[in-house]
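Tertiary structure, described
Spelled out from the first residue to the last, the chains are:
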Amino acid sequence: MEMFYLIVFGGLSMVVAILELSKNNKDRINTSSTFNAFKNNYVVVYSLMMAGDWLQGPYVYYLYTTYGFGKGDIGRLFIAGFGSSMLFGTIRGFEQQWLSVTFSKAIFFGNGLVAIIAGLFGNVLADTLGFGPVAPFDAAACFLAIGMAIIMSSWSENFGDPSESKDLFTQFKGAAVAIASALSPNEEDIPHGFIFATFMLSSMLGSSIASRLLARSSPKVESYMQIVFAISALTFLLPIITSLTVAPSKVKGGSISFAGSIQLLGFCVFEACVGLFWPSIMKMRSQYIPEESRSTIMNFFRIPLNIFVCIVLYNVNAFPITVMFGMCSIFLFMSSILQRRLMVVAESHKSKSQDRTSMKDRDTEAEPLNI
């Protein structure tokens, strides 16, 4: 394996380890024993299910190509996943700050540590042991079965309204397809599982940073998420910039190109932003969207979102890869601007509420006493 991959993976591992080992009481939130039991059970099940997802995730696109499917056919196959996200969601019923801890832990383990192990394990099955790209799918089925057994034995039915969607993670499979195409346009020999594990290590780094930020009162989620969206937008400009400034290689196969190395580092930054995004956006949802109508509101916006994604996937052959990355970059820049707008509106509303409270207090003090 090339030294470049090992250096990136090792460097990220050191940073994550330092961040986790240096946590103090200010970076943690005290919770009840009941909630801790709920959190641990949820994180275990979530991690098992994500292990099943991440084991086969890096090899979905590769497996389809080995079976002769083209880019357009693969895009249409992904439509099933995006279409299902219009229908399903999950429940939450504890304090907002406690839930932010659960979301952060779930991202750290399920989309970080477990994803890294799954990526490396899948790489061993498919490449080292030579079982081929189907082997990770067989292993994924075992983890999913274990998770199902735990759910059936320890989870009771919850009849509340669905509030948060986890199926939106399916959308990052589409991103993985685009990333795979950007890193190996000339069929370079790259270790899919190891690169995937590196991406998930970056996401783990982001979730570790998010857990520290969410445990503190400052900076606010609305403030730092502006920066997260802006940085994400810049990372998606890298494939466009490198395609314009770096001459494409004419050699088929071989090691990763210089442009591919730059893009790999950029995608690692993007995945770190993803790790920051999920627990942070979930906390904002719990703050701004009323619990009694959260499911309806989220589904209302999810429907047009997934219809748009399905249309793009169905016509994926009509869009060059640089155009797709450019669209993603524009959307993320818009998200940064809208995040700023949300913060301004929230601060204005809070200020007006405080002014009304102060006026009521003054009026109460000014009222004469009737004796």
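The name given to the protein chain in an unreviewed UniProt entry is Molybdate-anion transporter, with the source organism recorded as Kingdonia uniflora. In its Subcellular location (unreviewed entry) section, the UniProt entry covering the protein chain states "Cell membrane". Per its UniProt entry, the protein chain bears the Function (unreviewed entry) comment "Mediates high-affinity intracellular uptake of the rare oligo-element molybdenum."

What follows concerns the UniProt feature "transmembrane region" (unreviewed entry) in the protein chain. Under the local residue numbering, the UniProt record ascribes the feature "transmembrane region" (unreviewed entry) to residues 6-22, 43-62, 106-125, 137-156, 190-215, 227-246, 258-278 and 321-338. Within the segment residues 6-22, helix and strand shares are 94% and 0% respectively, and the terminal C-alpha atoms sit 24 Å apart. Segment residues 227-246 splits into 85% helix and 0% strand. End C-alpha atoms: 28 Å apart.

The next point concerns the side chain of E271. Note that E271 resides in helix 11 (residues 258-288). Setting aside its immediate chain neighbours within four residues, E271 contacts F199, M200, S202 and S203.

Helix packing for two helices is described by the angle between their axes and how far apart those axes are. Close contact between helix 2 (residues 33-56) and helix 6 (residues 135-154) brings their axes to 7 Å; oriented N to C, the two are set at 160°. The angle between helix 2 and helix 6 falls in the class roughly antiparallel. Seen from above, helix 2 lies across helix 6 with left-handed handedness. For the pair helix 2 and helix 6, contact is made by N41, V44, V45, L48, M49, A51, G52, L55 and Q56 and by P136, F137, A139, A140, F143, L144, I146, G147, M148, I150, I151 and S154, respectively. When the residues that make up the contact of helix 2 with helix 6 are grouped by side-chain class, the tally is 16 nonpolar, five polar and no charged.

Following the criterion strictly, the structure yields one salt bridge and no others. Ionic pairing is found between K220 and E347, a salt bridge with its closest N-O pair at 3.0 Å. Highlighted residues: K220 in the loop between helix 8 (192-214) and helix 9 (221-235) and E347 in helix 13 (residues 321-366), separated in sequence by 127 residues. Note on E347: relative accessible area 37%, which makes it partly exposed.

This part covers the packing of aromatic side chains. Taken as a whole and assessed by the stated rule, the structure comprises eight aromatic pairs. Ring pairs connect the aromatic residues F199, F236, F267, F270 and F325, which therefore count as one cluster.

On to the packing of helix 10 (residues 238-245) against helix 11. Interhelical geometry of helix 10 versus helix 11 gives an angle of 165° and a closest axis separation of 9 Å. Here helix 10 lies roughly antiparallel to helix 11, going by the angle between them. Crossing angle aside, the handedness with which helix 10 passes helix 11 is right-handed. For the pair formed by helix 10 and helix 11, the contact residues are L238, P239 and T242 on the first element and A259, I262, Q263, G266 and F267 on the second.

Conventions we followed
- Residues numbered from 1 in each chain as written.
- Predicted model: local features only at pLDDT ≥ 70, side-chain atom pairs only at ≥ 80, totals over all residues.
- Heavy atoms only, no water.
- UniProt positions renumbered as here; feature names shortened; annotations may be inferred.
- Helix = DSSP H or I, 4+ residues; strand = E, 2+ residues; numbered from the N terminus.
- Contact = heavy atoms within 4.5 Å.
- Axes fitted to C-alpha atoms, helices over the stretch in contact; angles between N-to-C directions.
- Parallel < 35°, antiparallel > 145°, perpendicular 65-115°, else oblique.
- Left-handed = near helix turned anticlockwise from the far one by under 90°.
- Nonpolar A, V, L, I, M, F, W, Y, C, P; charged D, E, K, R; others polar.
- Salt bridge = Lys/Arg side-chain N within 4 Å of Asp/Glu carboxyl O.
- Buried < 20%, exposed > 50% of the residue type's maximum accessible area, 1.4 Å probe, protein only.
- Phe/Tyr/Trp six-rings, centres within 6.5 Å; stacked < 30°, edge-to-face > 60°.

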